[in-house]
Amino acid sequence: MDKKGTVSLNEYKKKKQLKKKSQLNNINKLKKKRSKNKRKTLVYIVFVAIVLSIIITFMYRYSVISGLKYDINSLNKELGNKKNEKKQLNFDLDELSRSGFIEKDAKERLNMNYPTEEQTVYINID
């Protein structure tokens, strides 16, 4: 630079080249920052997707387990009812197989009576 504040052509070109280099460096820095930000965002999205998939998997498994527990409870209730029914049928069978009940039922329903003396026939075996 000379005394009057004028700049030579070479100095002007050098300053212009320095400005371009600094602008290119700034642009490159911005691109690097953006690419880093994109990578961070991508990593974050992948992390969130993995966490959501794990949560959804656990919820699905919990619903399956709950359904199976419900089925087990209903089958246990049905089993209890069947056991009670079996006890009742065994009680009825015991009652029906008693000789007193059979005799009473034969007299009432079938009109069966013990044979009288006149109806009894004796056979001699010699």
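Residues numbered from 1 in each chain as written. Predicted model: local features only at pLDDT ≥ 70, side-chain atom pairs only at ≥ 80, totals over all residues. Heavy atoms only, no water.

Peer 1: Quick question: what am I supposed to make of the overall build of the protein here?
Peer 2: When helices and strands are tallied, the protein shows 2 helices and 0 strands. A compact globule built from 126 residues would reach a C-alpha radius of gyration of about 14 Å, whereas the protein, at 52 Å, exceeds it by more than 25%. Principal-axis analysis of the C-alpha atoms places the extent of the protein at approximately 170 × 30 × 15 Å. Of all 126 residues assigned to the protein, the portion counted as buried reaches 1%. Of the accessible surface of the protein, which amounts to about 13,000 Å², a share of 60% is contributed by carbon and sulfur atoms. (Helix = DSSP H or I, 4+ residues; strand = E, 2+ residues; numbered from the N terminus. Rg over C-alpha atoms; globule rule 2.2 N^0.38 Å. Buried < 20%, exposed > 50% of the residue type's maximum accessible area, 1.4 Å probe, protein only. Areas by Shrake-Rupley, 256 points an atom, 1.4 Å probe, with all protein chains shown as cover.)

Peer 1: What is the right way to read the pattern of salt bridges from this model?
Peer 2: Following the criterion strictly, the structure yields 2 salt bridges and no others. Residue Glu103 is joined to Lys107 by a salt bridge in which the shortest nitrogen-to-oxygen separation is 3.4 Å. Separated by 4 residues within a single helix, Glu103 and Lys107 lie in helix H2 (residues 99-109), roughly one turn from each other. Residue classification places Glu103 among the partly exposed residues on the basis of a relative accessible area of 34%. (Salt bridge = Lys/Arg side-chain N within 4 Å of Asp/Glu carboxyl O.)

Peer 1: Would you mind going over a nonpolar patch on the surface with me for this structure?
Peer 2: Together, Phe47, Val51, Leu52, Ile55, Ile56 and Met59 line one region of the surface with nonpolar side chains, adding up to about 590 Å² of accessible area. With respect to the helices, strands and loops of the structure, Val51 is situated in helix H1 (residues 9-96). (Patch = residues over 30% accessible without salt bridge, like charges linked within 9 Å, V, L, I, M, F, W, Y side chains within 5 Å.)

Peer 1: Looking at this structure, how should I read unusual backbone geometry?
Peer 2: Outside of glycine, negative phi angles account for most residues, and trans bonds account for most peptide bonds. In the Ramachandran plot, Asn111 falls in the positive-phi region, its phi being about 55 degrees despite a non-glycine side chain. Classification of Asn111 as exposed rests on a relative accessible area of 62%.

Peer 1: Could you clarify how one ought to interpret the environment of Ser35 in this entry?
Peer 2: Along the chain, the position of Ser35 falls in helix H1. Since its relative accessible area comes to 28%, Ser35 is described here as partly exposed.

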